[in-house]
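# Coordinates in review
Listed below, chain by chain, are the residues.
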Amino acid sequence: IFFILLDAFLVCIDSLLERYLLALNPVDLSTPSCVLVTNSVGLIPVALLLLGPCSDEWSELEIDSSGMIWGLLTLPLGVAMAFVGISLRRVVSATAAVVVANVDKVVVLLYGVLFMGDGLDTWKGVGCAFALAGGAWHAVARRSAPDEGPSTEPMVQFQATRTSESAVVVGNTL
C-alpha cells in the first residue's frame, strides 16, 4: 500500500511540474531538447536499479538477432511517443495528461494480451476497468464543465516600483 500511495503522489507531482514547466511558465527548450533531457534524466534511476538491486538481471540477458531487430524497430516509435507526450503536456491540463497516460497503459496491456499472448488475470482486469472508467469519468466531467480553458495567469501578481535611486518597493497588484 505504501508504494502505491508513493507512486500516486509522485505521479501527481510529476504531472503538475511538467504542466508548469511546459505550459504555464515554459522553459526555453525546444521539443527535441525536452525529449533529450527527459530521457537522459530517466536513465539515472534505471542505471541505479540495474547496477544495484536488479544487477542479477544482467545474467539473464540474451541478445539474439531477432531481439536486436525488434529493439531497433521500436526506437523510432519510442522517440515519436516522447515527442507526442511533450507536445500533449503543453496543451492539456495535468489531469488530462494523467488520464491519457492511464488509458494508454490499458491499450498497451490489451495489445500484449491480444497479440503477444500475455495473460490477463483478475487484478489486471480490475486495473484496466478502473483506468477506463476513470478516463470515461474525466471525459464526461470535462464535457459538462464550462469551457474556460487552462489559466495561464499567475495566482498572485507582483509589481516592482522604484521609489528612489536605491530603494525598490514590491507590492501585490491583485
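Everything in this summary refers to the structure shown in the same document.

### Here we look at the packing of helix 4 (residues 94-115) against helix 5 (residues 122-144)
- Direction vectors running N to C along helix 4 and helix 5 enclose 145°, while the axes themselves pass 9 Å from each other. Considering how the two elements wind past one another, helix 4 and helix 5 form a crossing that is left-handed. In this structure, helix 4 uses T95, A96, V99, N102, V103, V106 and L109 to contact helix 5, whose residues at the interface are K124, C128, A131, L132, G135 and H138.

### Considering helix 1 (residues 2-24)
- For helix 1, built from 23 residues, the straight-helix expectation of 33 Å at 1.5 Å per residue is met to within 8% by its first-to-last C-alpha distance of 31 Å.
- Those residues of helix 1 hidden inside the fold are in contact with helix 2 (31-51), helix 3 (65-91) and helix 4.

### Remarks on the side chain of R19
- Here R19 is to be found in helix 1.
- Although R19 is buried, it makes no salt bridge; E18 carries the closest opposite charge, 10 Å away.
- Within the local environment of R19, its side chain forms a polar contact with the backbone oxygen of V92, the two atoms lying 3.0 Å apart.

### Side note on the pattern of salt bridges
- By the definition in use, this model includes one salt bridge.
- The residue R89 makes a salt bridge to E18 at a minimum N-O spacing of 2.8 Å. Here E18 lies in helix 1 and R89 lies in helix 3, a separation of 71 residues in the sequence.
- For R89, a relative accessible area of 15% corresponds to the buried category.

### Brief notes about the layout of surface pockets
- Empty space within the largest pocket amounts to approximately 1200 Å³.
- Lining the largest pocket are 31 residues, with D14, E18, T38, I86 and R89 positioned closest to its centre.
- Taken together, the elements giving at least two residues each to the lining of the largest pocket come down to helix 1, helix 2, helix 3 and helix 4.
- With eight residues, helix 1 is the single largest residue contributor to the lining of the largest pocket.
- Here the lining of the largest pocket is built from residues that sort into 19 nonpolar, six polar and six charged.
- In this structure, the second largest pocket occupies an estimated 550 Å³ of space.
- Taken together, 18 residues make up the lining of the second largest pocket; nearest its centre are N102, K105, G127, F130 and A131.

The rules behind the values
Residues numbered from 1 in each chain as written. Predicted model: local features only at pLDDT ≥ 70, side-chain atom pairs only at ≥ 80, totals over all residues. Heavy atoms only, no water. Axes fitted to C-alpha atoms, helices over the stretch in contact; angles between N-to-C directions. Helix = DSSP H or I, 4+ residues; strand = E, 2+ residues; numbered from the N terminus. Left-handed = near helix turned anticlockwise from the far one by under 90°. Contact = heavy atoms within 4.5 Å. Expected span 1.5 Å × (residues − 1). Buried < 20%, exposed > 50% of the residue type's maximum accessible area, 1.4 Å probe, protein only. Lys, Arg positive; Asp, Glu negative; His and termini not counted. Salt bridge = Lys/Arg side-chain N within 4 Å of Asp/Glu carboxyl O. Polar contact = N/O pair within 3.5 Å; in protein donor to acceptor, adjacent residues only side chain to side chain. 1 Å grid on protein atoms, 1.4 Å probe; cavity = no way out; pocket = protein on both sides within 12 Å on 5 of 7 lines; lining within 4 Å. Points joined across faces, edges and corners; volume = space filled by probe spheres on them. Nonpolar A, V, L, I, M, F, W, Y, C, P; charged D, E, K, R; others polar.

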